[in-house]
Each structure stands twice: as C-alpha cells, then as structure tokens.
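Chains, contacts and geometry: an overview
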Amino acid sequence: MAKKKKRLNRRGKQVLSLLFTILVIILLIGGYVGIRLFEKYSPTKEHMDTEEYFADFFEDVSSDQVYVYLNDEPIGLKVLSLDGHVYLPREYVVENFNCRFYRDLASNSIQYTLADDILTYQTDGTTCTSLNGATTELSYIPVHSGTDFEGVSELYIDIDLVQEHADFDYRFYENPNRLFLYTNYEEKTYAKLTKNTAIRYRGGIKSPVIYDGSKGEEVEVLADLEDWVEVRTADGFFGYVSSKHVGDRYQETHESHEFVEDQAPSYISLGTKVNLVFQSIGGSAYNGEMLEEDLPSNAKVNVISPTWFSLSDSKGNFTSFANKDYVNTAHKMGLQVWALIDDFDSSVDKFTLFSVAENRANLIDNLMSSATAYGFDGINLDFEHIQVAEAEHYLQFIRELSMACEEHNLVLSIDNYTPQPYNEYYNRYEQGFWIDYSIIMGYDEYYAGSETAGPVASIGYVEEGIKNTVAVVDPAKVINAMPFYTRVWRETKASDGSITVSSKAVAMDDAADFLNRNGCPIAWDESTGMYYGSFEESSNVTVKVWLENEGTIEAKMKLYQQYGIAGVGGWRLGLENTATWGVINRMLP
C-alpha cells in the first residue's frame, strides 16, 4: 500500500512539472505577443536627425551651409552665416529684391544710390562712404566676398542692410542654420497644440519624431487628414501631428516688417500735356531759321528733340551737331529742346563705357557742359542697342545722370522699345524711378529687317506697349511716340517658290501718292487699326502697304486718352501729312 502511494506522489510531481512547463510556455508566448503588440501599437520615441531632416529637402547643400526657404518652399540658394549676421548673394538681391545694390567692378564694392547720395560699402571692411567723401565706421561688415555654388566670385550683402531697402521679411534659426524668406503675406490657417505632443516625419505613430511640440504652440495647418494633421512649425519643421492634439482652426495674416520705400528724386514736369516731335539733324549748320521753316505753323508742339549727339568712344565722348541759334529760336517759339544722344555707332564698347565709373562720369560731365554751352532744356537718351551684359551698368549711369540733371534743372527722358520679353532687362520700372519721362517708341512692329511684311504700328501693338509700360511706370511720366512714316513692302517670289521680303520707309504723303499712282485702293482694316492696300507690281512682285495717316493717328490718340498718359510724340518731323497736326491738336488738351 505504501509503495502504491509513493508511486502516486511521483506521478503528481510529474503532472505539476508538466503544468508548470506549460504555464511558462504560455507566459513566454503571451509576453512575446504582448511585446509585439506593444511594439506595433505604441508610438515610437525615436527622433530623426535634424540635419538629415532638412537635407531631405535640398540637393548639394553641405551641413556647414544654410538651408534657405522662400515663402516656405526650399530653394537652392547659397547664403552666408558669419559672426551672427546672415548675408545674401548680391545677384539674388538684385534679381528679387532691389537692383540698386550695384557692384562696382573696379573696386569690387557695393554702391547703393539714393535720390541725393551714393553710398559705397567696401567689401570685407566696415566703412560706408558717401558721395561727398564722408566715411562712416560701421559695427559690422556689410559686404563679404565669396563664391556661389559653382565657385564663381560673388559678393554677399548683410540681410538687414538689404531689408532697409526692400519689402520682405525673414526668420533665421540655428542648429542647423536655416533661413526663411517671405515676400507674400496671404491669409493662412493656424491652430494651437492642445498638449505636449510629437510632430512626426510622416503620418503614423511609427514615423520618427522631427519636433517636440508644446502645449499652446501655434502651428500652421496645411491639411486635415483622417487621423493626422499636416502642419508647419514657426521655425520650419514640416510634419504630422495626431488630430486629437490640434485645437480649433483660425485664419491669420502675418504682416511684413515696416518697410519705407526709398525717397524718389524730385522730377520735372512740363505742367501740361507733352506734344513732342523728334527731328533728324544732319549737321551743326542746321539753325533756328531752318527750324522755323520746317516746323508747320499748325503744329502745336511744345517739345522738340533734335538728334544732336552720338556716342563716339568708350571714354564718354560723343559727336555733336548742337547749335545755339537753334535753341534760342526754339525758345522764342515756345518750345523746349531735349537734345537726343544715341548709341548707333557699333564700334563703341558700351560695356567699358558704362561699367567704368570714370567713363560714366566723363559722359555725364560732357552732357552737362553741352547743356550749359547751348542752353537746351533736357536730355533724351536714345540708346537702342544695350546688351544684357551692359544693362545693370547702363542703369547705374541713368541713376547718376538723373542726379546731375536734377542739379542742372534738366529734363531727363529715355526712349524705349515697346515692352517685350526679350527686352525686359532694360528695366523700365527702375528707369521710371529716376527719370522725368519714359518715351515709348510705339513703332517698328515690322521693321527693315523683318522676314515678313506687316504694319509699322498696329493698334493692338501700340496699346500693348502703353498698357505694359504704365503697369511699371507712372502714367504721368509716359509718352507714346507715334510713327509719321509708312513702309512700302515688296514680296518677290522666286522660281522655286520662295519669297524674299524687302521694304522702304517713306513719308505719309509719299506712301499715299505711290498707291494712287498705281491705282491701288485702300480699305480700313479693323484688326490693325490701319488702312491697307496691295497690288501686283509685276508677275512675281506683290506690293503691300499698311498706310499711316491722320486716321491711324486718331486711333492711336484715343489710346493716349484712354490710358491718361503724359503726352504723345512723333518720329519724325517732316514725314507727317498736314492733317496729322489737326488731329493731334484736337485730341491733345
């Protein structure tokens, strides 16, 4: 009996051992499952490396540089962060904020032109020099030298100095260095976090944390998803936060810094509508008596612009046909004289002329000396062949000439082609800041070099020129110059079917007489706002004429009235018909 009991005890221990083993296995499995469930459903606390996060938005930006955003979008721009100051590349400043930060090539300094002064900032120095030679010592370096991403030499300007003259706002943060530039301030949606919470790289609890948000912190709401909200923090972290931790939405517009635009130079106005005519002068012998003979008695012109000066070298010299008797007679006739200077001599190196301060100064001094000697009232710049590389130096010349003209009480006007994408670099907006009158050459829509025949100045072309000019220049400064000439086009067809186009510019009456002699009727073309005629001159030559006359001038004068501009002009005296002046007199108050 005892032996049997002993056998049962041994069996019970085996059962208990088995049960214990099973229990341990169950606990291990449960623990494993619990851990896996915890790992699956619990949020990760892993933080993403900040450098890695920002680098994801940029290409080819090393960790020692600055990550730059424009209106919260990443841009590939190299800026400098030195000694607590941020520096923007001059090229970027000029293209996007203010083109008056001019780089003087000889001294490699930055010059900033005000209405009555030119401030010069020495590169890698702490001085600012005024036009009168006075020097101010600064507590910081305003301009640093460096290179851009491609290793090209560049100057970098202190961002606070730029902001004194440009309407933008910025924020700068360190670790890593990142710069946020703002040029628009539209209304955005914001909310506040309702508790301390993680902002994650992606929408999901397993996505790494990129930012630890604090209760009450304001974030910009970009999108509401199902369980997550896409947000951006004030210092530029873009990520996702659980929707239950985001408060009520509200709209807000962040205002820019208090920006005061540079004071514009005072400008001279005739005080009445401008009725200008250009006159082509072939020599200095042309005097006042000739002017009286050539200017029609019914032309109520108040400004005449003779083609007197032409650039002759890159040192600032020019040829001259100026005549003092001409000026004296014009004044007796009640006319102002705006002496024209052109750049038609292709041998002149205009880059050297305009990029060298000494050459610009010499040209200005020569113009001022001529104004004193001959007594004319203004200067008209007819520089039609400026190239892209010369443009910023030409603008600096305009600024400096403007200051000289104001000192000598001279009207400064500039002739420009109608605005087109290919000539935007002339920068009519910047010109308009410095000059008294901006003259649109509202002609040469089709010109001597055109490959097809067409009108000199269709009504649509003229209106587009005026509209695009007044969009960037005060209409009180805008003059639209009209063509007093017509082109007679000939289309010659070769035996192989190809067509060669040629043309000749002729006076209004000459064009009309030519059509009459050839029995060619003309008809009004509403689409061009011009009279059109065509005939077969021979078996292989077709003549086409879009005639300019008093009717087309009247159509263009209506645009002058519609856009309320400063006045009109005509190229050139002697090509108009008699009736033209009657139309201009009637429609120009």
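The model shown is predicted, which means the values in this text are computed figures rather than measured ones.

Analysis parameters
- Positions within a chain are numbered from 1, following the residues in the order the chain's sequence is written.
- The model is predicted, so local features are restricted to residues of pLDDT at least 70 and side-chain atom pairs to those at 80 or more, both for listing and for counting; the totals for chains, interfaces and linings are taken over all residues.
- Water and hydrogen atoms play no part in the side-chain values, which are based on all heavy atoms of the structure.
- Any two strands between which DSSP finds at least two bridges are classified as paired.
- Strands are runs of DSSP state E lasting at least 2 residues, helices are runs of H or I lasting at least 4, and numbering of each runs from the N terminus.
- The convention used is that axes are lines fitted to C-alpha atoms, helices contributing only their stretch in contact, and that angles between N-to-C directions extend from 0 to 180 degrees.
- Should any heavy atoms of two residues lie within 4.5 Å, those residues are counted as being in contact.
- If an angle is under 35 degrees, it is roughly parallel; if it is over 145, roughly antiparallel; if it lies from 65 to 115, roughly perpendicular; otherwise it is oblique.
- Two helices crossing with the near one rotated counterclockwise from the far one by less than a right angle form a left-handed crossing, whereas a clockwise rotation gives a right-handed crossing.
- By definition, a salt bridge exists where a carboxyl oxygen of Asp or Glu is found within 4 Å of a side-chain nitrogen of Lys or Arg.
- When a residue's accessible area, from a 1.4 Å probe over protein chains only, is under 20% of the maximum for its type it is buried; when over 50% it is exposed; and in between it is partly exposed.
- Any pair of cysteine sulfurs within 2.5 Å is marked as a disulfide.
- The predictor's confidence in any single residue is recorded as pLDDT, a number from 0 to 100.
- Note on aromatic pairs: the rings of Phe, Tyr and Trp (six-membered ring only in Trp) are paired at centre separations within 6.5 Å, and the planes decide the class, stacked below 30 degrees, edge-to-face beyond 60, tilted for the rest.

Looking at the sheet that holds strand β13 (residues 178-182)
Read across the open sheet, the 4 strands follow the order β2-β1-β13-β12; overall the sheet is mixed. Strand pairing shows two members of the sheet lacking a second neighbour, β2 (73-75) and β12 (169-173), which therefore form its edges. Neighbour to neighbour, the strand axes of the sheet diverge by 25° on average, direction disregarded.

Let's talk about the sheet that holds strand β6 (residues 109-113)
Consider a sheet: its strands pair through backbone hydrogen bonds, and that pairing is either parallel or antiparallel. Strand order in the open sheet formed by 5 strands is β5-β6-β7-β8-β9, with antiparallel pairing between adjacent strands. Every other strand in the sheet has two partners, leaving β5 (101-104) and β9 (135-137) as the edge strands with one partner each. Going across the sheet, the axis of each strand differs from the next one's by a mean of 25°, ignoring polarity. As paired elements, strand β7 (residues 118-121) and strand β8 (residues 127-129) share 2 bridges and run antiparallel to each other. Counted as the bridge partner of Y121 is C128 from β8. In this fold helix α9 (residues 388-407) packs onto β5, β6 and β7, with an angle of close to 45° to the strand it touches most, β6.

Focus on the packing of helix α13 (residues 550-563) against helix α14 (residues 578-587)
α14 packs onto α13 with a crossing angle of 20° between their chain directions and a minimal axis gap of 9 Å. What the angle tells us is that α13 and α14 run roughly parallel. The chirality of how α13 crosses α14 is right-handed. Between α13 and α14, the residues in contact are E550, I553, E554, M557, K558, Y560 and Q561 and A579, T580, V583, I584, R586 and M587, respectively.

Remarks on the pattern of salt bridges
By the definition in use, this model includes 18 salt bridges. Here D72 and R232 are joined by a salt bridge, their closest N and O atoms 3.6 Å apart. A residue pair is termed long-range when its members are at least 10 positions apart, and D72 in the loop between β1 (67-70) and β2 and R232 in strand β18 (residues 228-233) qualify at 160 residues. By the burial criterion, D72 is buried, and R232 matches it. E491 is the partner of K544 in a salt bridge, and the nearest nitrogen-oxygen pair spans 3.3 Å. You can see K544 sitting in strand β33 (residues 541-547) and its partner E491 sitting in strand β29 (residues 485-493), a full 53 residues away along the chain.

Section: the state of the cysteines
Tallied over the full model, the rule gives 0 disulfides. In this structure C99 is a free cysteine whose sulfur lies 19 Å from that of C128, the closest cysteine sulfur available. Overall, the relative accessible area of 16% leaves C99 in the buried class. Classification of C128 by relative accessible area gives buried; the value is 8%.

Digging into the pairing of β13
Counting buried residues along β13, 5 of its 5 residues qualify, which places the element largely inside the surrounding structure. Residue alternation in β13 divides its side chains into two sets, R178, F180 and Y182 and L179 and L181, and both sets are buried. Sheet analysis places β1 next to β13, joined by 4 bridges and oriented parallel. Looking across to β13, one finds that L70 is bridged to L181. Looking at chain direction, β12 and β13 are connected through 5 bridges and run antiparallel. Bridge pairing in β13 places F172 opposite L179. The loop that links β12 with its antiparallel partner β13 comprises 4 residues; one of these, N175, has a positive phi angle of about 55°.

Points about the confidence of the model for the chain
Averaged over the chain, the pLDDT score is 93; the fraction of residues at 70 or greater is 95%. Highest mean pLDDT in the chain belongs to strand β24 (residues 336-342) (99); lowest belongs to helix α1 (residues 2-41) (66).

Quick look at the packing of aromatic side chains
Overall, the coordinates contain 35 aromatic pairs when judged by the stated rule. Measuring from centroid to centroid gives 5.9 Å for F54 and Y67, while their planes differ by 20°, and the two rings are stacked. Here the residue F54 occupies a position in helix α2 (residues 50-55), and Y67 occupies one in strand β1, the gap between them amounting to 13 residues. On the accessibility criterion, F54 (0% relative accessible area) is buried. Taking the relative accessible area as the measure of exposure, Y67 reaches 2% and is therefore buried. Centroid distance F309 to F376: 6.0 Å. Interplanar angle 55°. Geometry classified as tilted.

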